[in-house]
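This is what each chain is made of:
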There are 2 protein chains.
Amino acid sequence: MKVEVIAIGDELLIGQTINTNAAWMGARLADLGASVEYCTVIRDERQSMLNAFELALKRVDVVLVTGGLGPTKDDITKKVICEFFDTRLVHDEATLKNVEALFASFGRPVLDVNVQQAMVPEIATILHNAHGTAPGIYIERDGKVLVSMPGVPYEMKYLMQEHVIPRIGEKFELKSLYYKTIQTQGLGETVIAQRIEDIEDEIRAQGIGFAYLPSPGAVRLRLSSEVNDEKQKLVDSYVGSIKERLPAYVFGDGHTSLQEVVGKILLEQGKTMSTVESCTGGAISQSIVSVPGSSSYFEGSVISYSNRIKSELVNVRQETLDQFGAVSKEVVEEMAVNGRTILATDFCVSVSGIAGPDGGSEEKPVGTVWIGVASEGRVLSKKFRFGNNRERNIRRSVLSALNLLRCELLEINIEKS
Amino acid sequence: MKVEVIAIGDELLIGQTINTNAAWMGARLADLGASVEYCTVIRDERQSMLNAFELALKRVDVVLVTGGLGPTKDDITKKVICEFFDTRLVHDEATLKNVEALFASFGRPVLDVNVQQAMVPEIATILHNAHGTAPGIYIERDGKVLVSMPGVPYEMKYLMQEHVIPRIGEKFELKSLYYKTIQTQGLGETVIAQRIEDIEDEIRAQGIGFAYLPSPGAVRLRLSSEVNDEKQKLVDSYVGSIKERLPAYVFGDGHTSLQEVVGKILLEQGKTMSTVESCTGGAISQSIVSVPGSSSYFEGSVISYSNRIKSELVNVRQETLDQFGAVSKEVVEEMAVNGRTILATDFCVSVSGIAGPDGGSEEKPVGTVWIGVASEGRVLSKKFRFGNNRERNIRRSVLSALNLLRCELLEINIEKS
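Residues numbered from 1 in each chain as written. Chains lettered and ligands numbered in written order. Predicted model: local features only at pLDDT ≥ 70, side-chain atom pairs only at ≥ 80, totals over all residues. Heavy atoms only, no water.

Re the relation of the copies chain A and chain B
Once chain A is rotated about the relating axis by 180 degrees and shifted along it by 0.0 Å, it coincides with chain B to within an RMSD of 0.0 Å. Here the symmetry operator amounts to a two-fold rotation axis. By residue overlap, the copies meet face to face through one surface: 100% of the interface positions of chain A are interface positions in chain B. (Least-squares fit on C-alpha atoms with pLDDT ≥ 70 in both. Contact = heavy atoms within 4.5 Å.)

What follows is the structure, given as structure tokens:
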């Protein structure tokens with residue numbers, strides 16, 4: 001089954017909105033074994049839409065359209081779909097009831113523009129949207145399928161999971177692709193390629209797909225094969241070999257994030273954690289809290305952005321700050337050790353660095369970051385040298401801090417691997 | 001000048017990577033007055049690439065290709081470009097020197113795979129990449145342009161700003177579009193539409209483009225016209241009318257973020273701030289710190305995720321916690337007032353809420369969030385009722401907290417507007 005995702009909206013083309021929907025849909029469809037061949041973004045404009053629908057229905061089996069179903073005056077998708085399929089808009093009572101129920105639950109009156117949502121293409125199957133007023137529109141023609149959904153991510157996700165994936169999974173016989181993803185943190189793409197060159201050569205010789213998926217501070221490796229007992233065993237065994245080769249850097253499989261991995265280990269070990277952050281400004285803490293249930297192991301943090309807060313709240317000694325500077329092994333270790341006491345947790349992660357764009361020096365250039373982890377009777381610290389981009393430096397500091405904590409929790413010696 | 005952006009990479013189609021490049025390129029090209037008509041994502045596969053290049057060079061003037069130039073074995077873009085333009089790869093000494101200099105600056109040895117970067121299509125103009133080893137490739141044919149750049153965002157951005165935008169701006173006479181964006185926080189799309197209905201009708205009657213660009217917790221409004229004195233004056237005056245109609249909700253223009261707006265006001269007023277956060281886990285603090293130079297007004301935070309930290313570090317009285325619960329007006333006000341004292345700042349923002357998915361009750365359902373702002377001799381608090389999605393609830397809490405702080409700083413009464 002081949003799929004094209006068409007996202008409609010000037011706001012996507014002029015960059016006011018990032019197309020996160022496409023990534024989410026792609027990941028879910030890949031899991032199903034569907035092949036997403038194209039993702040096309042077009043303007044909120046009649047002729048572009050007609051052309052895109054026609055091209056897509058020629059080259060793929062399923063066309064998933066997002067966007068352009070909102071209640072405001074600039075959304076025209078529904079009308080163009082009627083023109084393309086030579087049908088008309090009719091009133092749908094179930095959709096109206098849904099709109100009324102949603103507004104009642106928010107305690108807000110139903111406006112005229114919202115009532116318009118109940119007008120739907122006559123030939124379509126209407127997909128109930130529990131999270132919004134615009135329903136999904138499902139149309140089959142000549143053995144192919146076109147689905148139109150709202151562009152609001154959580155509404156699209158609901159419609160995909162509840163209606164679209166079950167329907168297209170049933171209609172098309174989905175031959176699954178077998179794949180495994182290995183997630184790594186702390187090594188660049190080329191260093192990994194060099195360290196596993198022999199394994200990679202073997203993988204390719206076996207006809208197994210292999211790809212590097214780099215993102216700032218992390219690289220994922222993807223192995224893929226057909227569904228076939230022998231091939232699947234091979235994939236699994238190569239995954240094992242790579243993990244063994246890079247123990248301190250491979251942190252997990254699949255879609256699991258580093259903060260989820262760390263959270264799971266803390267839960268299993270019954271340990272608690274806290275952070276004391278300077279240049280990351282709460283980004284580590286926030287990534288921990290983004291995981292539901294983190295209150296079981298996360299107590300809190302002190303964001304000691306200024307030196308005054310470092311000394312007044314975290315008791316970093318003034319002489320340490322004066323002698324070594326805020327971005328130093330000595331300060332980051334005092335932050336971790338004192339933070340662990342003040343916040344009364346088993347582990348405390350600390351960060352102090354120069355995120356940039358200013359504040360660097362010859363000795364400590366922008367991108368210099370010290371990270372510490374304190375545990376009972378022990379403190380480890382490590383210096384990192386990132387780049388010049390503030391956002392990337394913060395992101396890489398968070399990932400490096402979480403991985404350092406992971407290594408400490410699992411007693412992996414990161415210096416030796 | 002019509003543009004198509006082609007992003008190459010299985011990782012984009014299967015959702016391992018979000019296509020943030022397209023949004024960035026779209027925004028910069030729109031500012032130039034270029035019209036981005038299509039954005040297409042295709043597989044890392046020879047025939048798809050050849051087809052996409054051909055279709056794009058038929059329907060637009062400039063084709064911007066990203067991705068597939070990395071040093072690892074799965075990247076084939078450069079070879080396919082040679083096939084498409086009937087040319088061959090040749091050695092480029094300047095690129096090799098750049099690769100060597102970059103590796104020297106990181107103190108790392110140049111590997112064989114990196115040397116491959118110096119092989120470039122013979123007919124191309126080579127664009128120097130100061131931030132990475134893969135150069136940009138610029139090819140003109142029949143009055144049209146195709147540019148290939150790495151998919152790594154900061155390398156692509158460098159190449160676009162330094163080389164691509166100046167070149168295509170010169171080659172094509174760019175007729176600018178005039179547009180203004182108004183950024184709002186705190187009201188939904190339909191409520192805004194209702195509150196400015198008369199203004200919107202007038203705008204459309206004048207032939208001025210008008211669009212709603214919603215994202216979680218914020219809605220941007222975009223007005224656009226041709227470049228024309230009379231029309232531009234009209235656009236500006238309608239922008240003014242909308243701001244006047246929604247004083248507590250319109251926070252800025254253009255691409256400026258709410259944290260930048262708040263930072264600018266704090267700098268102008270010479271005031272400092274801090275946060276005490278529970279359910280947002282440092283997300284407010286982190287958004288403040290994401291702005292370069294925030295150390296001038298931001299001191300630090302306490303992330304009091306557990307009740308123990310609320311009472312031990314922030315001195316919230318145990319009786320207040322027991323009587324009203326952590327998510328209450330009383331607790332959030334103590335957090336703000338005490339946080340202001342402990343962190344010694346002019347303003348302190350506090351948040352306590354139920355982000356979900358669990359932890360809700362009949363009386364305080366998931367999505368209930370209290371936000372407080374303490375200033376000298378004053379504390380304001382406001383209850384919000386968001387939805388069921390943890391990530392969205394955190395995002396909306398951050399934006400609502402920043403906007404509440406903005407209103408306090410500017411003495412705007414949010415209750416009355």
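Overview of the packing of helix α11 (residues 258–269) of chain A against helix α16 (residues 390–409) of chain A
Residue and element names in this part refer to chain A. For the pair α11 and α16, interaxial distance at closest approach is 10 Å and the crossing angle is 30 degrees. As the angle between them shows, α11 and α16 are arranged roughly parallel. The chirality of how α11 crosses α16 is left-handed. Residues Leu258, Gln259, Val261, Val262, Ile265, Leu266 and Gln269 of α11 form the contact with α16, whose own contacting residues are Leu399, Leu402, Asn403, Leu405, Arg406 and Leu409. (Axes fitted to C-alpha atoms, helices over the stretch in contact; angles between N-to-C directions. Helix = DSSP H or I, 4+ residues; strand = E, 2+ residues; numbered from the N terminus. Parallel < 35°, antiparallel > 145°, perpendicular 65-115°, else oblique. Left-handed = near helix turned anticlockwise from the far one by under 90°.)

Some remarks on the packing of helix α3 (residues 46–59) of chain A against helix α4 (residues 77–84) of chain A
All names here are of chain A. α4 packs onto α3 with a crossing angle of 55 degrees between their chain directions and a minimal axis gap of 10 Å. Taken together, the axis directions place α3 and α4 in an arrangement best described as oblique. In this structure, the crossing between α3 and α4 has a hand that is right-handed. For the pair formed by α3 and α4, the contact residues are Arg46, Met49, Leu50, Phe53, Glu54 and Leu57 on the first element and Thr77, Val80, Ile81, Glu83 and Phe84 on the second. Across the contact of α3 with α4, the residue classes tally to 7 nonpolar, 1 polar and 3 charged. (Nonpolar A, V, L, I, M, F, W, Y, C, P; charged D, E, K, R; others polar.)

Some points on the side chain of aspartate 92 of chain A
Residue and element names in this part refer to chain A. Note that aspartate 92 resides in the loop between β4 (89–91) and α5 (93–105). An unpaired buried charge is present at aspartate 92: no salt bridge exists, and lysine 78, the closest side chain of opposite charge, is 9.9 Å distant. Ignoring any residue separated from it by four or fewer positions in sequence, one finds aspartate 92 in contact with Ala118, Val120 and Ile126. (Buried < 20%, exposed > 50% of the residue type's maximum accessible area, 1.4 Å probe, protein only. Lys, Arg positive; Asp, Glu negative; His and termini not counted. Salt bridge = Lys/Arg side-chain N within 4 Å of Asp/Glu carboxyl O.)

Structural notes on the sheet that holds strand β17 (residues 378–385) of chain A
Overall, mixed pairing links the 10 strands, which are arranged β17(A)-β16(A)-β15(A)-β13(A)-β14(A)-β14(B)-β13(B)-β15(B)-β16(B)-β17(B) in an open sheet. Where the open sheet ends on each side, the last strands, each with one partner, are β17 of chain A together with β17 (378–385) of chain B. The average undirected angle you get between the axes of adjacent strands in this sheet is 15 degrees. The pairing of strand β13 (residues 273–277) of chain B with strand β14 (residues 298–303) of chain B spans 5 bridges and is parallel. Across the sheet, residue serine 274 of chain B finds its bridge partner in β14 of chain B, namely glycine 300 of chain B. On the sheet, helix α15 (residues 329–342) of chain A packs against β13 (273–277), β14 (298–304), β15 (347–353), β16 (368–375) and β17 of chain A and is oriented at approximately 150 degrees with respect to β15 of chain A. Across the sheet, helix α16 (residues 390–409) of chain B touches β13, β15 (347–353), β16 (368–375) and β17 of chain B, and the angle it forms with β16 of chain B is around 30 degrees. (Pairing = 2+ DSSP bridges.)

Quick notes on the interface of chain A and chain B
Across the contact, 79 residues belong to chain A and 79 residues belong to chain B. Counting the contacts that link chain A with chain B gives 4 salt bridges. Residue glutamate 299 of chain B is joined to arginine 308 of chain A by a salt bridge in which the shortest nitrogen-to-oxygen separation is 3.0 Å. For the pair chain A and chain B, the number of links is 22 residue pairs in polar contact (both at pLDDT 80 or more). Residue composition of the side of chain A that touches chain B, grouped by class: 37 nonpolar, 25 polar and 17 charged. For β14 of chain A and β14 of chain B, the ladder comprises 4 bridges, and the chain directions are antiparallel. Bridged to serine 301 of chain A within β14 of chain B is isoleucine 303 of chain B. (Polar contact = N/O pair within 3.5 Å; in protein donor to acceptor, adjacent residues only side chain to side chain.)

Some details on the domain arrangement of chain A
Parsing chain A into structural domains produces domain 1 (2–171), domain 2 (177–253) and domain 3 (258–416). Relative placement of domain 1 of chain A and domain 2 of chain A: their C-alpha centres are 36 Å apart. (Domains from an automatic or database assignment.)

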